Amino acid sequence: MALHSLITSRRYRAWQKPLENIMFKYVELCVVLRKGRFAKDGLIQYRIVCQQVNVNSLEEVIKHFMHLATEKAESARNQAQALDEALDVEDLEADKRPEDLMLSYVSGEKGKDRSDRELVTPWFKFLWETYRTVLEILRNNSKLEALYAMTAHRAFQFCKQYKRTTEFRRLCEIIRNHLANLNKYRDQRDRPDLSAPESLQLYLDTRFEQLKIATELELWQEAFRSVEDIHALMCMVKKTPKASLMVIYYAKLTEIFWISGSHLYHAYAWLKLFSLQKSFNKNLSQKDLQMIASSVVLAALSVVPFDHTHGGSHAELENDKERNLRMANLINFNLDPKHDNREMLSRLTLLSELVSKGVMSCATPEVKDLFHVLEHEFLPLDIAARVQPLLGKISKLGGKLATASSVPEVQLSKYLLSLEKLATLRLLQQVSQVYQTITIESLSRMIPFFNFSVVEKISVDAVKHNFINMKVDHMKGAVLFGSVDLESDTLRDHLAMVAEGLNKAWAMIYPSVKKSSKIADILPGLGDMVEKEHLKLLARKTLIEKRKEEQERQLLEMEREEESKRLKLQKITEEAEKARLISEVEQRKRERILRDIQQREIEEAQVLLQEAEKRTKKKGKKPILEGEKVTKEILMEMQRTEQEKEKQEMEKKLQKLAKQMDHLERAKREEAAPLIEAAYQQRLVEEKIIHEREQEKEVELSRQRHEGDLQEKNRMSRMLESKSVFELQVIHHRQAEYDRLRQEKEERIRQILQARKQERELKRKMLFFLKTEEERLRKQQEEEEARKREEAERKKKEEAERKAKLDEIAEKQRQREREAEEKERLRRESLLGRSTEPFSRPSESLGNAQPVPAVAALAATPAPGKYVPKHLRLQPAVGPAPPEPDRWGGGRRDDRPATDRWRNDNSRSFGGGSRDDRRPPGGGGSGSTWSSSRNSSRVS
């Protein structure tokens, strides 16, 4: 901590050679203790010290720091045997979580693996932190650009070697941010100049290395961002890199576009790569050129022959236009953004460029034939048979390119799937021009590449983008071609059509009616005049209000301007006064500092002069002349020369002393050489005698051990027969016990099997009984419910029929009553004339409830002035009386059902007078009354 405080202190701003040694030791301690944060603070402070004085010292310290961190990580890796498990962490910057610690202690992992992980992972985390620290310290420093590039390359190799994808993404983002800050803050000191060729080359090399590592780690999104970084860097400096770098650029673009499924841009990138190789690679062989040209042609053929943006919305078309412009810039095709890029970057344009630039002439014969069959020939029945052998030959082509190092390998087999889809589309297109209907089976035989389900998916995509018109009828097993009206075409605008129809219906049902007033008829222009005058008044009112507001606003603006001028003048005065005071303080401070510096220099010059005089007096040299003007610089120069002389004299003395020691050591060794040889010979003789003595002793011990072993064998051979008998007894006893236990076990297993069998049989019978019983109950319940439903339906039907009959009969009865009343009224009028009209009205007001008694009473009423006997006067009282409520609870006049009553009424109405004659004369039934009325009418 004390050393860290000393290094990061601001008091030590002057660089000295001992400070470099201190920094070497400081970074060593930081590496040993794995204190990355301390190392970063110290290096930042040291950069401030060395930036303007000795930047090479900072470079050496940083190289030493990275070397130590790398060495420690490598040593830890060599010590650990389980490196793959030790580096199995997602993020080197993430701390260890509590659940991971608990899991490591609970799990049964071995102590060796745990120790390897604890040994290796921290050192690799520290190494990654070292790379980040160095990049942060060296960023945007023109004097250390080479070291910055070297550190970035080493960090890329670290990510590649140990498959660190997370750290690689973070590293790319760090480098990207450094370049963004470089462009953002252009007034920085020591800022790198990207227009310089050396700086531009270093930055480009770093980006291309980043692109290579991204593709090797299969981080395609990061690779595309690296391509964008390279393109942005080229646009920034407005210079094109070397052809070798551009070849790498386009080679990686082909991989990225192929992985992303952008076959059109993939083909354009191959075309640019072909042009570069043909123009700048003088060592390119004819075979390699043929392979590259074949790749270009097959990549162009792999592009689908229809427009994906067909039928898209305006936003989709704009996005596609921007995407085409962006990709064209990356591929270095200059497009006019005002024109339609879909026509400029298209499959048709690409194929025409292949022919115009001579790519087809350089391709292999198989590729040429395939291009001619798929693009120019019309073979609806034989196109698959012609294409399939060509694809088989093309799949065998490819391999490594000897004369094109940037394109190490070309594999034409990866285009087979796209070419088979293209052949399928061409076959469907040509068949649709020849046939109107074809069976699915025939079409499947014509396309040997895919099953019909895959062909159906391909055709759906083609129909969607208006490439072909077809419809698959699975019920008939046929495919229909031609202008087939698909459901999507008829239903595309169904909502708009429904809305238009509803609007028309609404306008027809509720038309807009404008009511005209009488005043409008009299004065047709009055409404317009009133409206104009009203608008003029509103405009005048608005104008007056605007003028008032404008006047108020101007007054407020003038007040605000005066206030702002006053405040500004006051602020200027205060700032001037403050600046004057500050300048006076600064002036006094500078004068005081100058006086202190002059006084200190005078004191130091006096001290140095005294020391110089003392040294000259001791050495007997000529003292410094007092008359000369001695300054601090002269004294320091004299002291420096004296120190150099003393240093040279000391070096001479040390050389002389080293020479003397060398001679002395050589003499000692020459005298000691024969003595060492004699001692060595004597030691050999003594060791030979000791070896022979030890060997004789070992032989004697071996002989004695062998004799003892023979005696022991003879003693034990007597018990061999008894041992065999005992062994046989034990074996027989164990065999009998084993047989008994096996029989018991088999018997027990047989009983268990028998019990389980009986249990299964009983369970099966019980389940069958329960199932049959449930089935019987369910059927019985269903029959009961069906019977109830039928009964309810029958009753409902009978009730409806009965009600209909009753309604029909009642209607007929009412009709007959109305006819009878009309006839009775006519008869009464004919008999009585106008004089009886008052007497007929009360009878009419009796209502429909008792029509028959009223008619009978009127029939029995004599004419005025005629004598009526007494027995005849009392006859109406004997007739039917108005109905009274039954006191005995029978509130109805007839207890018979309504159907029987209506049946009897009908029979009495239509049966003539024979049945009425058979009824009693005093009956009050309605049927008899109506029949009597009809008879009386006939008599009259």
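If you're wondering where the values come from, they're calculated on a predicted model, not measured in any experiment.

### Quick word on the overall build of the protein chain
Now for step 1: Counting its secondary structure elements, the protein chain contains 36 helices and five strands.
Now for step 2: Looking at the protein chain as a whole, 28% of its 940 residues are labelled buried.
Now for step 3: When contacts within the protein chain are restricted to residue pairs at least 6 apart in sequence, long-range pairs at least 24 apart make up 71% of them.
Now for step 4: If you sum the accessible surface of the protein chain, you get close to 66,400 Å²; carbon and sulfur atoms cover 54% of it.

### Focus: the pairing of strand S4 (residues 470–473)
Now for step 1: Taken together, the four bridges between S4 and strand S5 (residues 478–481) define a ladder with antiparallel strand orientation. Along S5, the bridge assignment pairs Met-470 with Phe-481.
Now for step 2: Between S4 and S5, which follow one another and run antiparallel, lie four residues, and Gly-477 among them has a positive phi close to 65 degrees.

### Concerning helix H20 (residues 383–395)
Now for step 1: In this model H20 runs 18 Å from its N-terminal to its C-terminal C-alpha over 13 residues, within 8% of the 18 Å that 1.5 Å per residue would give.
Now for step 2: In this structure, the buried side of H20 is in contact with helix H14 (286–301), helix H19 (365–375), helix H21 (416–434) and helix H22 (440–446).

### Quick look at the packing of aromatic side chains
Now for step 1: This model, assessed by the stated rule, comprises 12 aromatic pairs.
Now for step 2: Note on Trp-123 and Phe-126: the rings are 6.1 Å apart at their centroids and 90 degrees apart in plane angle, and the pair reads as edge-to-face. Separated by three residues within a single helix, Trp-123 and Phe-126 lie in helix H7 (residues 111–138), roughly one turn from each other. Each member of the pair, Trp-123 together with Phe-126, is buried.
Now for step 3: Joined through ring pairs, the aromatic side chains of Phe-124, Tyr-131, Phe-158 and Tyr-162 make up one cluster.

### Some points on unusual backbone geometry
Now for step 1: Phi at Lys-163 takes a positive value of approximately 55 degrees, unusual for a residue other than glycine.
Now for step 2: Overall, the relative accessible area of 57% leaves Lys-163 in the exposed class.

### Some words on helix H13 (residues 263–280)
Now for step 1: End to end, H13 covers 26 Å across 18 residues, agreeing with the expected 26 Å (1.5 Å per residue, within 8%).
Now for step 2: The set of residues buried in H13 consists of Leu-264, Tyr-265, His-266, Ala-267, Tyr-268, Ala-269, Trp-270, Leu-271, Leu-273, Phe-274, Leu-276 and Gln-277.

### Focus: the sheet that holds strand S3 (residues 437–439)
Now for step 1: Here we have three strands laid out as an open sheet, ordered S3-S5-S4, and antiparallel in their pairing. One side of each edge strand has no neighbouring strand; the edge strands of this open sheet are S3 and S4. Mean inter-strand twist for the sheet, computed between neighbouring axes without regard to direction, equals 20 degrees.
Now for step 2: Pairing analysis gives three bridges linking S3 to S5, with the strands arranged antiparallel. Counterpart to Ile-438 in the pairing with S5 is Val-479.

### A word on empty space enclosed by the protein
Now for step 1: Here the structure, examined in full by the defined rule, presents two cavities of 30 Å³ or more.
Now for step 2: In this model, the largest cavity occupies a volume close to 60 Å³.
Now for step 3: Forming the boundary of the largest cavity are Leu-138, Arg-139, Asn-140, Asn-141, Glu-145, Tyr-148, Ala-149, Pro-192, Leu-202, Tyr-203 and Thr-206.
Now for step 4: Elements represented by at least two residues in the lining of the largest cavity include exactly helix H8 (145–161) and helix H10 (197–216).
Now for step 5: Here the residues of the lining of the largest cavity sort into six nonpolar, three polar and two charged.

### A few points about the nonpolar core
Now for step 1: The biggest cluster of nonpolar side chains holds 151 residues, and the ones touching the most others in it are Tyr-249 and Leu-370.
Now for step 2: In this structure Leu-370 touches Leu-298, Leu-301, Val-387, Leu-390, Leu-391, Ile-394 and Leu-419, once residues within four positions along its chain are discounted.

### Observations regarding the side chain of Thr-206
Now for step 1: Within the secondary structure layout, Thr-206 lies in helix H10.
Now for step 2: Those residues in contact with Thr-206 that lie beyond four places of it in its chain are Ala-149, Ala-152, His-153, Phe-156 and Ile-175.

### Overview of the confidence of the model for the protein chain
Now for step 1: On average, residues of the protein chain carry a pLDDT of 77, and 74% of them reach 70 or more.
Now for step 2: Here residues 335–343 is modelled with pLDDT under 50, and outside its nearest four sequence neighbours on either side it reaches 22 contacts, counting other chains as well.
Now for step 3: Segment residues 874–940: pLDDT under 50, and 42 contacts once partners within four positions in sequence are set aside and those in other chains are kept.

### Examining the packing of helix H4 (residues 55–79) against H8
Now for step 1: The interhelical angle for the contact between H4 and H8, taken along N-to-C directions, is 10 degrees, at an axis separation of 12 Å. Relative to H8, H4 is oriented roughly parallel. Together, Glu-59, Ile-62, Lys-63, Met-66, Thr-70 and Arg-77 of H4 and Leu-147, Met-150, Thr-151, Arg-154 and Gln-161 of H8 make up the contact between the two elements.
Now for step 2: Partitioning the contact of H4 with H8 into residue classes produces four nonpolar, three polar and four charged.

### Quick notes on the packing of H8 against H10
Now for step 1: Between H8 and H10, whose axes approach to 10 Å, the crossing angle comes to 5 degrees. The angle between H8 and H10 places the two elements in the roughly parallel class. Residues Glu-145, Ala-146, Ala-149, Ala-152, His-153, Phe-156, Gln-157 and Lys-160 of H8 lie in contact with H10, whose contacting residues are Ser-199, Leu-202, Tyr-203, Asp-205, Thr-206, Glu-209, Gln-210, Ile-213 and Glu-216.
Now for step 2: A class-by-class count of the residues in the contact of H8 with H10 yields seven nonpolar, five polar and five charged.

### Considerations on the environment of Ala-478
Now for step 1: Checked against the element boundaries, Ala-478 lands in strand S5.
Now for step 2: Sequence separation between Ala-478 and Ile-438 is 40 residues, and the spatial gap between their C-alpha atoms is 5.6 Å.
Now for step 3: Setting aside anything within four residues of it in sequence, one finds Ala-478 in contact with Thr-437, Ile-438, Thr-439, Ile-440, Lys-471, Val-472 and Asp-473.

Analysis parameters
- Residues numbered from 1 in each chain as written.
- Predicted model: local features only at pLDDT ≥ 70, side-chain atom pairs only at ≥ 80, totals over all residues.
- Heavy atoms only, no water.
- Helix = DSSP H or I, 4+ residues; strand = E, 2+ residues; numbered from the N terminus.
- Buried < 20%, exposed > 50% of the residue type's maximum accessible area, 1.4 Å probe, protein only.
- Contact = heavy atoms within 4.5 Å.
- Areas by Shrake-Rupley, 256 points an atom, 1.4 Å probe, with all protein chains shown as cover.
- Pairing = 2+ DSSP bridges.
- Expected span 1.5 Å × (residues − 1).
- Phe/Tyr/Trp six-rings, centres within 6.5 Å; stacked < 30°, edge-to-face > 60°.
- Axes fitted to C-alpha atoms, helices over the stretch in contact; angles between N-to-C directions.
- 1 Å grid on protein atoms, 1.4 Å probe; cavity = no way out; pocket = protein on both sides within 12 Å on 5 of 7 lines; lining within 4 Å.
- Points joined across faces, edges and corners; volume = space filled by probe spheres on them.
- Nonpolar A, V, L, I, M, F, W, Y, C, P; charged D, E, K, R; others polar.
- Core = buried A, V, L, I, M, F, W, Y, C linked by side-chain atoms within 4.5 Å.
- pLDDT = per-residue confidence, 0-100.
- Parallel < 35°, antiparallel > 145°, perpendicular 65-115°, else oblique.

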